[in-house]
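Letter by letter, the chains look like this.
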Amino acid sequence: MDHSLYIVVPAYNEAENVGRLIEDWYPIVEKFGNEQSRLVIVNDGSKDNTYEILCQYAKTRPLLQVLTKQNGGHGPTVLYGYRYALKKKADYIFQTDSDGQTNPHEFEKFWKLRNKYDALIGKRTVRQDGWSRQFVEKTLCFILRMSFGVKIKDSNAPFRLMKREVVERYIKKMPDDFNLPNVMMTTYFVYFHEKVKFIEITFKPRQGGTNSINIKKIIKIGWKALGDFRMLKKHIHDIGGSKMTGTEGA
């Protein structure tokens, strides 16, 4: 079938990586999407020349859509990209990051399963991005299990293919500045028994540039996330009720 594919990528100070990112992922949009498909890279108020490089590439690549916004962090930038894809009526939304840690060659196995599942999410069994990130992910999965009673294999993997309908269903429940939308989206998928499958992916070290997330920021995001989780947990039964009645957009 002829499906539109929107690949959403947040980018902040990624001047060293965006060229390679486009070379890697633009062919994926060309091969698997249709003429309405786009590689959407959202510049999150970069202080380097990321945006200028993106605009230069866009001159010769009609399926490359460059967006820019004020700096708000990774999570809000992902949400910004998701909402743009929904506005453009994307059939499928795929999200990855701009640091070169994911492998575009692994996309095809996700795409081949798109008709069988509502969401296909990467599972980073072996991670090469440092012990602190691995510790955070394990802690997140533990908190989600305690808070929502869900057992999740990888809550925040930046390698996920989702049908428009499920993204649209749950994104409305998150504020624009939510820091961990992929975590909460995964939680909703599992909690409400959407058809979701976790598939093992490779996960390389950052390929260039400087990681903008450090332990201090991780702790700050973590504390805010705990409050956000408590807030969203209060509304989770309302979400379930609206899902059953089909009034989630009311």
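Residues numbered from 1 in each chain as written. Predicted model: local features only at pLDDT ≥ 70, side-chain atom pairs only at ≥ 80, totals over all residues. Heavy atoms only, no water.

### Side note on the pairing of strand S2 (residues 38-44)
So, step 1. Counting buried residues in S2 gives six out of seven residues, a clear majority hidden from the surface.
So, step 2. One ladder, built from six bridges, connects strand S1 (residues 5-11) with S2; its direction is parallel. Note on S2: the bridge partner recorded for Ala-11 is Asn-43.
So, step 3. The parallel pair S1 and S2, bridged by helix H1 (residues 18-32), forms a crossover whose chirality is right-handed.
So, step 4. Here S2 pairs with strand S3 (residues 64-69) via six bridges, running parallel. Each residue of the ladder has a partner; that of Asp-44, found in S3, is Lys-69.
So, step 5. Taken together, S2, helix H2 (residues 50-58) and S3 form a β-α-β motif whose crossover is right-handed. (Buried < 20%, exposed > 50% of the residue type's maximum accessible area, 1.4 Å probe, protein only. Helix = DSSP H or I, 4+ residues; strand = E, 2+ residues; numbered from the N terminus. Pairing = 2+ DSSP bridges. Right-handed = clockwise from strand over helix to strand, strands pointing away.)

### Notes on the sheet that holds S3
So, step 1. What the seven strands build is an open sheet, ordered S3-S2-S1-S4-S6-S5-S7; its pairing is mixed. The open sheet has two free edges, formed respectively by S3 and strand S7 (196-200), since each of these has just one partner strand. When strand polarity is set aside, the average angle formed by the axes of neighbouring strands in this sheet is 20 degrees.
So, step 2. Sheet topology places S1 next to strand S4 (residues 92-96); four bridges connect them, and they run parallel. Pairing of Ile-7 across the sheet is with Phe-94, part of S4.
So, step 3. Contacting S1, S2, S3, S4 and strand S6 (159-163), H1 runs over the sheet at an angle of about 145 degrees to S2.
So, step 4. Packing of helix H6 (residues 164-171) onto the sheet brings it into contact with S4 and S6, and relative to S6 it is tilted by some 95 degrees. (Axes fitted to C-alpha atoms, helices over the stretch in contact; angles between N-to-C directions. Contact = heavy atoms within 4.5 Å.)

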